[in-house]
Amino acid sequence: MQELRVLLETKQTINDEIRSAWFALPIDEEELQERLGVDAESEDYRILEKELPFADDVGEDTTIERLNDMYRTFESLPADLKEDYDELMCYFSSLDELHQHRNDIIHYSWCKNMTDVAHRVLDNDPAFSSVEERITRYFDFEAYGQYLDDNGRFLETEHGIYEIP
């Protein structure tokens with residue numbers, strides 16, 4: 001996975017120069033002081049560029065504390081949600097909202113279409129499992145997959161299908 005980093009710049013000159021430097025997240029406050037000559041709790045810096053999956057949630061004036069919190073929030077997401085973060089953000093308004101619902105999202109990782117999802121859902125349904133195999137072979141999984149799709153929120157990705165709450 002790519003390194004998450006931001007380009008910070010001082011707002012005011014220090015020794016007749018505007019300083020800037022790239023910092024990998026989480027940002028160490030001592031390193032910030034050493035490289036830019038500003039305190040993390042001050043408002044003497046701004047974020048110029050971002051190489052972050054959650055870049056839309058970061059503004060020029062986002063604090064180091066908030067940036068580090070967002071980094072920890074992102075890192076605490078399950079690996080599959082981090083992998084498909086951009087696609088999932090079509091359904092969530094912020095990193096915090098995705099994080100809040102991380103345990104409610106179902107990932108059907110080996111499913112390529114809704115028929116596969118129907119198979120997976122019914123394989124885990126005790127009522128369906130109790131039906132004899134000679135009867136289940138006539139079940140229309142494609143139609144059930146369409147029913148699930150029509151009555152739920154699903155997202156198809158390269159890494160499978162997600163059911164969104």
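Not measured: the values here are computed from a predicted model.

### Some details on the packing of helix H6 (residues 114–123) against helix H9 (residues 141–150)
Right, on to step 1. One can describe the packing of H6 onto H9 by two numbers: an axis separation of 7 Å at closest approach and a directional angle of 95 degrees. With respect to H9, the element H6 is oriented roughly perpendicular. Where H6 approaches H9, its residues Met 114, Thr 115, Val 117, Ala 118, His 119, Val 121 and Leu 122 are matched on the opposing element by Phe 141, Glu 142, Tyr 144, Gly 145, Leu 148 and Asp 149.
Right, on to step 2. Grouping the amino acids of the contact of H6 with H9 by side-chain chemistry returns 8 nonpolar, 3 polar and 2 charged.

### Considerations on the side chain of Glu 9
Right, on to step 1. Residue placement: Glu 9 occurs in strand E1 (residues 5–10).
Right, on to step 2. Setting aside chain neighbours within four positions, we find Glu 9 in contact with Ile 18, Arg 19, Ser 20, Leu 36, Asp 44, Tyr 45, Arg 46 and Leu 48.

### Examining the environment of Pro 78
Right, on to step 1. Following the sequence through the fold, Pro 78 ends up in the loop between helix H2 (64–75) and helix H3 (79–83).
Right, on to step 2. Through-space distance from the C-alpha of Pro 78 to that of Arg 102 is 7.6 Å; in sequence the pair is 24 residues apart.

### What to know about the pattern of salt bridges
Right, on to step 1. Taken as a whole and assessed by the stated rule, the structure comprises 8 salt bridges.
Right, on to step 2. Between Arg 46 and Glu 9 there is a salt bridge; the shortest N-O distance is 3.0 Å. Remark: Glu 9 occurs in strand E1 and Arg 46 occurs in strand E3 (residues 45–51); sequence separation between them is 37 residues.
Right, on to step 3. The partner of Glu 75 in a salt bridge is Lys 82, with the nearest N and O atoms 3.4 Å apart.
Right, on to step 4. A residue is classified by how much of its surface remains accessible, and Glu 75, at 33% relative accessible area, is partly exposed.

The rules behind these values
Residues numbered from 1 in each chain as written. Predicted model: local features only at pLDDT ≥ 70, side-chain atom pairs only at ≥ 80, totals over all residues. Heavy atoms only, no water. Axes fitted to C-alpha atoms, helices over the stretch in contact; angles between N-to-C directions. Helix = DSSP H or I, 4+ residues; strand = E, 2+ residues; numbered from the N terminus. Parallel < 35°, antiparallel > 145°, perpendicular 65-115°, else oblique. Contact = heavy atoms within 4.5 Å. Nonpolar A, V, L, I, M, F, W, Y, C, P; charged D, E, K, R; others polar. Salt bridge = Lys/Arg side-chain N within 4 Å of Asp/Glu carboxyl O. Buried < 20%, exposed > 50% of the residue type's maximum accessible area, 1.4 Å probe, protein only.

Purely geometric numbers; function is a separate question.
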